[in-house]
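A look at the structure
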2 protein chains.
Amino acid sequence: MQDLTLVMAQFDPLVGDVPGNADRAIETVREARIEHGADIVVLPELFLTGYPPEDLLLRPSMETRLRHARARMAEKMARDVMVIVGYPGRREGQNWNLAGVLYNGEWLGEYAKQALPNYEVFDEQRYFATGSQPLVIEHKGAKFGILICEDIWSETPVRQARDAGAEILVTLNASPFHQDKPAERLALLEARAREVALPIVYVNQIGGQDELVFDGGSACVNADGELMVQAPHWAVGLMPVQFVREQQRWVPRAGETEPEVAPEENLYCALVTGLRDYVNKSGFGGVVLGLSGGIDSALSLAIAVDALGPQRVHAVMMPYHYTADISKQDAAEQAEMLGVDYEVLPIESMVEAFMETLSESFAGTERDTTEENLQSRCRGVLLMALSNKKGLMVLTTGNKSEMAVGYATLYGDMVGGYNAIKDVYKTWVYRLARWRNTESPAIPERVIERPPSAELAPDQKDSDSLPDYDVLDAILVRYIEGDMSAEAIIAAGFDREDVYRVVQLVDRCEYKRRQAPVGVRVTRRGFGRDRRYPIVNGWQPGE
Amino acid sequence: MQDLTLVMAQFDPLVGDVPGNADRAIETVREARIEHGADIVVLPELFLTGYPPEDLLLRPSMETRLRHARARMAEKMARDVMVIVGYPGRREGQNWNLAGVLYNGEWLGEYAKQALPNYEVFDEQRYFATGSQPLVIEHKGAKFGILICEDIWSETPVRQARDAGAEILVTLNASPFHQDKPAERLALLEARAREVALPIVYVNQIGGQDELVFDGGSACVNADGELMVQAPHWAVGLMPVQFVREQQRWVPRAGETEPEVAPEENLYCALVTGLRDYVNKSGFGGVVLGLSGGIDSALSLAIAVDALGPQRVHAVMMPYHYTADISKQDAAEQAEMLGVDYEVLPIESMVEAFMETLSESFAGTERDTTEENLQSRCRGVLLMALSNKKGLMVLTTGNKSEMAVGYATLYGDMVGGYNAIKDVYKTWVYRLARWRNTESPAIPERVIERPPSAELAPDQKDSDSLPDYDVLDAILVRYIEGDMSAEAIIAAGFDREDVYRVVQLVDRCEYKRRQAPVGVRVTRRGFGRDRRYPIVNGWQPGE
């Protein structure tokens, strides 16, 4: 009785590129066969379309393309290796989220996903009908029960597979990252394996797609719940594992299980991956960003350089009267430290031209945030002009605390194609900056130490108009991610006035967030597909 | 045996304002009782939260607020009248989309919606569990089978209600408008009534909510499929109908069934309603818009004036070198014609300040769309400054054809809080402008007659870079609303090069649309919640 080698193909498809993803699958399986002698290769959920394909699934020609891709895979796929791969398919007038089994040129069977997530960022019930049958495939004397992602979080499909005779559960996944997700996922796998007393092979997608980022971390868990192998997070690759028949156990074939990493490192990798894939998959030459001397743009610059390399990053300092000298010094210092292109474009002449043009319309009015927004918008226009002329994407640099309370200017500092720190609270911006500097110097220490300011008015500090960030963030986490009411947050020990002010700001700024660029989601609830709030909204803070 | 008076309460709740909507219900029922002697009052689907409440449904305090509201309604509601009203509710750990029956201070029963739409703009399976039981309530000797919206489009709930003894079907709706919807809805009601041989009372919400607009058009259809009464479209109000027991038929109690209106009028009313409710429900004093002398801003101005009155509309002409004299004349003429505030702010000095500042960065490059975008963005910044200073919302004026192919400048002409013509194809912009002028002069004829131009370069015309709008729109309708592939559109008789160019532009501009302001959805597929496309997207035009 022989042992089995299974290869977990932790790969990154391009959403919508059906023929390209089919070629990637063919190439991957060939490599798994040659390099590792794979008997079985498992690819992620919906690999042929990428995840999430969204409304591309509604195009009738999607089915045509998938038919061609599967025919091509049957023809070109390496022989003597069983391939399990995810794709959508049409049957009985409905779409299904499928896992197909291909062996020596024949598609042997298809499993239809049963648990279709339709919460948070997921809309699977918009597209798919619900499967009801298990699929158990025998290969080289072992019986594999196939599952897709959410199925493993649900009891019925798992038990069904076991009752149908599965000896090993294989699950294809496109499980997006958030900060607590890797630990939750592993705990679930361990518990589920013990519960049904079966080993589980879990293969996850990797890479960034719009606001989602997939962390990989594919894993093998034995029937006693022991984690046997874990593929790296944040790295594309093949991870071979061996099933030792006699012991009914998986053992590693190569590599080591990844050591645990600090939460800062994990988060930082998510931001780098999200930005890198957005820029590269969109075909941009690089990014341009405004460097203010503040911590948000400084961290964004470090992420951009780590994602794309210094040659593809262009930084611009756009000073005005209120820009402190140390801001200019620190921006220049960081640009030099990281080796990026850097220029200084003062905004005085534009701001003055606007104020002069508007002087009659504004006659008799007081100075207010209009003038602050004007500075921010002149910077936005400059960045967009550089973007248009040089083919660089503008990187937006506002953090989640700001986006939550609307402490950002529409068409000003909010311009851009992508925001790497969109879902990172300010307190975490500091943590990440400090952690990044422990790897190598990337952010001048003074940027981390000085009190934060938008520098849009004389001697302005963020703390003039907002609670301290540790308080602000604590309130925001409870309101946004915890769905706690204002009164419940107060009861948890926060100042009444702070809470009402913050909650009201969050509610009123939905219109701003709706026009914000996308960015990497890294918390339990990001501002994007994840949080669908009305703009016109009569909800009042309270109980 | 007595006859029955039922009042269809075609009202406009404010999303999220649970206590306010409860008060509106109490007031409405009181009026229906006093004015019309109502035995029964029917209010729309999810009236207490407004539709769609979106993720407000995930807040635990929603349930608290609903409990208070329903207690208050039981206490304060007029007596001797049965009230049927929609609201969400929590039971067995899940949310349900309910219709509750209130009579003399007691909640007599609740029906849970069975058919939960999760397509197009709808996300009901994100929030609600699926009902399975009919509810038939007897009142004054007649048996009412209660249904909610999508239920009536589905066979099972309708048959269930009939089998449970219903003599009359009452359906509570929040059915959003698109151009073909009123006719489709009526045809469905007539067919369904005949099918089960029961009369149907159909009560719809009215008013605008973000991108959705509800047209009302509540109706009574008799068992033979004859439309007996139809409430006006686009008007809030009470519509009493009488059930004549002996004939088992509904007859009108007051008013006339609305005469058929032209498709242009219907669409125009949708745009006016959407804009008016967005501005008023958000508490803006009024709107400011850029008037270019072109047809899009001219139509938008007419809509704004019809929605808000001329006192609440401020128009700005922002000329540059390329602005034709007739553009300036026509803009001034229309502003005077409609009696709105009007000012002229030339953009030369700002454009020059930007070009001067960028001269070194741009050294050695050719003139391209960067310079055109710069003009557009200077206008955007001016409008936003006026908006900030005067508390007016910027009205965006780009049409659907432009938004589809990205013929619009992010942070330029795309700035604004709301776009009344966002979902109106250019060919329809012309139809609406012509129709509007038949009511009263609102748009100078020359604006309608001259060839369209963005006026961002010398002698520029839209037709220089795009197919003629009748061809463009025909391709767009097939691609966006029909989901036809490029090859299928070519096979339908369109030029290959045109089709590929247009389809590619649509695919590539998702990033722009994602940052566009919301606007009224009036077609089968608007750019908003209705069309969820990936930004990073490897899909290529073809089969």
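Residues numbered from 1 in each chain as written. Chains lettered and ligands numbered in written order. Predicted model: local features only at pLDDT ≥ 70, side-chain atom pairs only at ≥ 80, totals over all residues. Heavy atoms only, no water.

Under an unreviewed UniProt entry, the name given to chain A is Glutamine-dependent NAD(+) synthetase, and the organism recorded is Halomonas saccharevitans. In its Function (unreviewed entry) section, UniProt records this for chain A: "Catalyzes the ATP-dependent amidation of deamido-NAD to form NAD. Uses L-glutamine as a nitrogen source." The Pathway (unreviewed entry) field of the UniProt record for chain A holds the comment "Cofactor biosynthesis; NAD(+) biosynthesis; NAD(+) from deamido-NAD(+) (L-Gln route): step 1/1." (UniProt positions renumbered as here; feature names shortened; annotations may be inferred.)

Overview of the relation of the copies chain B and chain A
Under the fitted operation, chain B is carried onto chain A by 0.0 Å of movement along the axis and a turn of 180 degrees, and the coordinates agree to an RMSD of 0.0 Å. Classification of the inter-copy transformation places it as that of a two-fold axis. No C-alpha of chain B approaches the rotation axis more nearly than that of B:Gln515, which lies at 2.1 Å. In this assembly the copies share their binding face: 100% of the residues contributing to the interface of chain B also contribute to that of chain A. (Least-squares fit on C-alpha atoms with pLDDT ≥ 70 in both. Contact = heavy atoms within 4.5 Å.)

Structural notes on the nonpolar core
Ranked by internal contacts, the top residues of the largest apolar core, which has 168 residues, are A:Met73, A:Phe354, A:Leu476, B:Met73, B:Phe354 and B:Leu476. Once you skip the residues sitting within four places of it in the chain, A:Met73 turns out to touch A:Ala22, A:Ala25, A:Ile26, A:Leu48, A:Val85, A:Leu102 and A:Trp107. (Core = buried A, V, L, I, M, F, W, Y, C linked by side-chain atoms within 4.5 Å. Buried < 20%, exposed > 50% of the residue type's maximum accessible area, 1.4 Å probe, protein only.)

Side note on the interface of chain B and chain A
Opposite the 85 residues of chain B that make contact, chain A presents 85 residues. Roughly 7,400 Å² is buried in total at the junction of chain B and chain A, and carbon and sulfur atoms are behind 56% of that figure. Of all residues in chain B, the largest losses of buried area upon contact with chain A belong to B:Arg59, B:Lys389 and B:Trp539, amounting jointly to 12% of the total for that side. Linking chain B with chain A are ten salt bridges, by the criterion used here. For A:Asp123, the salt bridge is made with B:Arg532, and the minimal N-O distance between the two is 3.1 Å. Where chain B packs against chain A, one counts 49 residue pairs in polar contact (both at pLDDT 80 or more). Broken down by element, the residue count for the side of chain B that touches chain A peaks at 14 residues, all from helix H10 (residues 369-390) of chain B. (Buried area = accessible area lost by both parts, 1.4 Å probe. Salt bridge = Lys/Arg side-chain N within 4 Å of Asp/Glu carboxyl O. Polar contact = N/O pair within 3.5 Å; in protein donor to acceptor, adjacent residues only side chain to side chain. Helix = DSSP H or I, 4+ residues; strand = E, 2+ residues; numbered from the N terminus.)

Brief notes about helix H12 (residues 426-439) of chain A
All names here are of chain A. Taking 1.5 Å per residue as the helical rise, H12 with its 14 residues ought to reach 20 Å, and the 21 Å between its terminal C-alpha atoms agrees with that figure. Along H12, the residues that are buried comprise Lys 426, Trp 428, Val 429, Tyr 430, Leu 432, Ala 433, Trp 435, Arg 436 and Asn 437. Its buried side turned inward, H12 meets helix H6 (263-282), helix H7 (295-308), helix H11 (400-405), helix H13 (445-449), helix H14 (462-465) and helix H15 (469-481). (Expected span 1.5 Å × (residues − 1).)

Describing the packing of aromatic side chains
All names here are of chain A. Counted under the stated rule, the structure contains 20 aromatic pairs over all chains. Judged by centre distance (5.5 Å) and plane angle (85 degrees), the ring pair of Tyr 87 and Trp 107 falls under edge-to-face. Highlighted residues: Tyr 87 in strand S3 (residues 82-91) and Trp 107 in strand S5 (residues 106-112), separated in sequence by 20 residues. Look at Tyr 87 and you get buried, because its relative accessible area is 1%. Ring centres of Tyr 278 and Tyr 418 lie 4.3 Å apart, and the angle between their planes is 20 degrees; on these two criteria the pair is classed as stacked. With Tyr 278 in helix H6 and Tyr 418 in strand S20 (residues 418-419), this residue pair connects regions lying 140 residues apart in the sequence. (Phe/Tyr/Trp six-rings, centres within 6.5 Å; stacked < 30°, edge-to-face > 60°.)

Description of the pairing of strand S3 (residues 82-91) of chain B
Looking along a regular strand, one sees side chains alternate from face to face of the sheet. Residues and elements named next belong to chain B. Across the ten residues that make up S3, a large majority, eight, are buried. Bridging between strand S2 (residues 40-42) and S3 involves three bridges; their strand directions are parallel. The residue bridging Ile 40 from the neighbouring strand is Met 82, located in S3. Here ten bridges tie S3 to strand S4 (residues 94-103), and the two strands are oriented antiparallel to one another. Its bridge partner being in S4, Arg 90 is matched across the sheet by Asn 95. Hairpin connection between S3 and S4: a loop of two residues separates the two successive antiparallel strands, and Glu 92 in this loop has a positive phi of roughly 50 degrees. (Pairing = 2+ DSSP bridges.)

Some thoughts on the packing of helix H9 (residues 348-358) of chain A against helix H9 (residues 348-358) of chain B
The N-to-C vectors of H9(A) and H9(B) enclose an angle of 175 degrees; their axes lie 8 Å apart at closest approach. Of the possible angle classes, the one that applies to H9(A) and H9(B) is roughly antiparallel. Of the residues in H9(B), those touching H9(A) at A:Ser349, A:Met350, A:Ala353, A:Phe354 and A:Thr357 are B:Ser349, B:Met350, B:Ala353, B:Phe354 and B:Thr357. Among the residues making up the contact of H9(A) with H9(B), the classes are represented as six nonpolar, four polar and no charged. (Axes fitted to C-alpha atoms, helices over the stretch in contact; angles between N-to-C directions. Parallel < 35°, antiparallel > 145°, perpendicular 65-115°, else oblique. Nonpolar A, V, L, I, M, F, W, Y, C, P; charged D, E, K, R; others polar.)

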